[in-house]
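Next come the chains, spelled out residue by residue.
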Amino acid sequence: MRVIIEPDYENLSRWAADYVANRIIAAKPTPKNPFVLGCPTGSSPLGVYKRLVEKYKAGELSFKNVITFNMDEYVNLPEEHQESYHSFMWTNFFSHIDIKPENVHILNGNAPDLLAECAHYEEMIAAAGGIDLFMAGIGPDGHLAFNEPGSSLASRTRIKTLTKDTIIANARFFDGDLNQVPKQALTVGIATVMDAKEVILFCNGHNKSRALQHMIDESVSHMWTSSILQMHPHAIIVCDEAACDELKVSTFHYFLDKEKNNL
């Protein structure tokens, strides 16, 4: 696991966007050999999306030969709802770049058969050749996508009932009204994320510090599902200093020194 510690969210976003852009450019994707990118929602990736859009507008990057798969979507929330993840992605990212609509894949939380929708999503990922780089955020309780504490580390795309903590955390997007927050979501599984060739996770703010501490300083646990990234051969955690408040001092300095010395 590689850990990048940046002073603040702006620098975190810049580093992560540069990395993602460079991976796409280096791959030289074509229509027959596209780059497959996994996408998260939430507040953490907003800065990254903003900078990727800037790179596209500056002519540094194209998404014409990029296929995306989003991590999750609420159940029974209309796609056109302003807080659906369909709306989030088109508002904050897809509408501002040259990605082809047919290359965008987001779980359908309104599908008549949700189990079939989840199975089909896994099939589409496999048909695309797997995910080259999965971007991710992390919840205050350490959840990865909507794989809440206690989720199986061998899980695949499925329906998940959201915990009270997640519902409370997401209520800020629904005028603070817990009753408006969907109680279920469709989400990729932990094993789905782990199958990606690379994973880059963004973690910012003091409210994520316990989650980061469990992910880096503690052992792998299904109660902190993001901790599974310790087992991924190519996982990068990009965090700001505020998110490091609970890390051991020796851990903090180890990763700072490692990057400083370019080891």
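About the thresholds
Residues numbered from 1 in each chain as written. Predicted model: local features only at pLDDT ≥ 70, side-chain atom pairs only at ≥ 80, totals over all residues. Heavy atoms only, no water. Pairing = 2+ DSSP bridges. Helix = DSSP H or I, 4+ residues; strand = E, 2+ residues; numbered from the N terminus. Contact = heavy atoms within 4.5 Å. Axes fitted to C-alpha atoms, helices over the stretch in contact; angles between N-to-C directions. Buried < 20%, exposed > 50% of the residue type's maximum accessible area, 1.4 Å probe, protein only. Phe/Tyr/Trp six-rings, centres within 6.5 Å; stacked < 30°, edge-to-face > 60°. Right-handed = clockwise from strand over helix to strand, strands pointing away.

**Student:** An account of the sheet that holds strand β3 (residues 66-70) is requested, with residue identities and associated values reported.
**Tutor:** Read from one edge to the other, the open sheet built from 7 strands follows the order β1-β10-β9-β6-β2-β3-β5, with strand pairing classed as parallel. Single-partner strands in this sheet number two, and they are β1 (2-6) and β5 (104-105). By the bridge criterion, 5 bridges tie strand β9 (residues 198-203) to strand β10 (residues 235-240) in an arrangement that is parallel. The partner of Phe202 across the bridge, within β10, is Val238. On the sheet, helix α1 (residues 9-27) packs against β1, β2 (35-39), β3, β6 (133-136), β9 and β10 and is oriented at approximately 165° with respect to β9. Running at roughly 155° to β3, helix α4 (residues 114-127) makes contact with β3 and β5 of the sheet.

**Student:** I'd love a proper account of unusual backbone geometry, names of residues and values included.
**Tutor:** Backbone geometry places Lys28, a non-glycine residue, at a positive phi of 50°. On the secondary structure map, Lys28 appears in the loop between α1 and β2. Note on Lys28: relative accessible area 66%, which makes it exposed.

**Student:** Explain the packing of aromatic side chains to me, and be specific about the residues and the numbers.
**Tutor:** Scanning the model with the defined rule gives 11 aromatic pairs in all. The interplanar angle of 70° and the centroid separation of 5.2 Å between the aromatic rings of Trp90 and Phe94 together place this pair among those described as edge-to-face. On the basis of relative accessibility, which here comes to 1%, the residue Phe94 falls in the buried class. Cluster of aromatic residues (ring-pair linked, three or more members): Tyr49, Phe63, Trp90, Phe93 and Phe94.

**Student:** I'd like to hear about the sheet that holds strand β8 (residues 184-187), residue by residue, with values.
**Tutor:** What the 3 strands build is an open sheet, ordered β4-β8-β7; its pairing is antiparallel. The open sheet is flanked by β4 (72-74) and β7 (158-161), the only strands paired with a single partner. Across the sheet, the axes of successive neighbouring strands diverge by a mean angle of 30°, strand direction being ignored. Here β4 pairs with β8 via 3 bridges, running antiparallel. Paired with Asp72 across the bridge in β8 is Thr187. Where α4 meets the sheet, it contacts β7 and β8, and its direction lies at approximately 120° from that of β7.

**Student:** Give a detailed account of the pairing of β2, specifying residues and quantitative values.
**Tutor:** Taken across its 5 residues, β2 has 5 buried, putting it largely inside the fold. Going residue by residue along β2, you find Phe35, Leu37 and Cys39 tucked away on one face and Val36 and Gly38 tucked away on the opposite face as well. With 5 bridges connecting them, β2 and β3 associate as parallel partners. Directly across from Gly38, in β3, lies its bridge partner Phe69. Since β2 and β3 lie parallel, the crossover through helix α2 (residues 46-57) that links them has a hand, and here it is right-handed. As paired strands, β2 and β6 are joined by 2 bridges and run parallel to one another. Counted as the bridge partner of Leu37 is Leu133 from β6.

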